[in-house]
Amino acid sequence: PSPTLTSFTDWLALLFDRTSRCSPSCQAMSVLDRLRALRAPDPLYLADLGSRLSALSAFLGGHAELSALARELEAVEQPGADAEALRLRAIEVLTALTGTASAPAEARRPFWKRT
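Residues numbered from 1 in each chain as written. Predicted model: local features only at pLDDT ≥ 70, side-chain atom pairs only at ≥ 80, totals over all residues. Heavy atoms only, no water.

1. Focus: the overall build of the protein
Reasoning step 1: When helices and strands are counted, the protein shows 5 helices and 0 strands.
Reasoning step 2: Helices and strands in the protein line up, N terminus first, as α-α-α-α-α.
Reasoning step 3: Counting every position in the protein, which comprises 115 residues, the buried fraction comes to 34%.
Reasoning step 4: Put simply, 63% of the contacts in the protein that link residues at least 6 apart link residues at least 24 apart.
Reasoning step 5: As presented, the protein carries roughly 7,100 Å² of accessible surface, and 55% of it is formed by carbon and sulfur atoms. (Helix = DSSP H or I, 4+ residues; strand = E, 2+ residues; numbered from the N terminus. Buried < 20%, exposed > 50% of the residue type's maximum accessible area, 1.4 Å probe, protein only. Contact = heavy atoms within 4.5 Å. Areas by Shrake-Rupley, 256 points an atom, 1.4 Å probe, with all protein chains shown as cover.)

Structure follows, in structure tokens:
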């Protein structure tokens, strides 16, 4: 059975940070924020994310879209892999699965800086 958006967010949060006092939605947003904020794709982080998403998909009893993303991310360190395209795909898929609004990294400014 496919998880609901709320339960997916809860499982994603549990997988990434079990010790955080932040709510599951907050933790899922933290993962998305980190992906959006990367100025240059970090293949090591993306591969790790792929491994975690693969475990999450297995735990949920299989989730086709999540499993496909996990496989792609796990292969990011292979020659010819486009890390930036994979980062953008991860943002797209996780945004859709968590039901969060998508905001381009360029549009977000630190709250303490004035324009």
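After that view, the rundown keeps rolling.
2. Regarding the environment of leucine 97
Reasoning step 1: Among the structural elements, leucine 97 can be located in helix α5 (residues 83–98).
Reasoning step 2: Between the alpha carbons of leucine 97 and leucine 66 there is a distance of 8.8 Å; along the sequence they are 31 residues apart.

3. Description of the packing of helix α3 (residues 43–59) against helix α4 (residues 64–74)
Reasoning step 1: The geometry of α3 relative to α4 is characterised by a closest axis approach of 7 Å and an angle of 150 degrees between their N-to-C directions. Comparing their axes, α4 and α3 come out roughly antiparallel. Note on packing geometry: the crossing formed by α3 with α4 is left-handed. Listed contacts from α4 to Leu46, Ala47, Leu49, Gly50, Ser51, Leu53, Ser54, Leu56 and Ser57 of α3 are Leu66, Ser67, Leu69, Ala70, Leu73 and Glu74.
Reasoning step 2: Here the residues of the contact of α3 with α4 sort into 9 nonpolar, 5 polar and 1 charged. (Axes fitted to C-alpha atoms, helices over the stretch in contact; angles between N-to-C directions. Parallel < 35°, antiparallel > 145°, perpendicular 65-115°, else oblique. Left-handed = near helix turned anticlockwise from the far one by under 90°. Nonpolar A, V, L, I, M, F, W, Y, C, P; charged D, E, K, R; others polar.)

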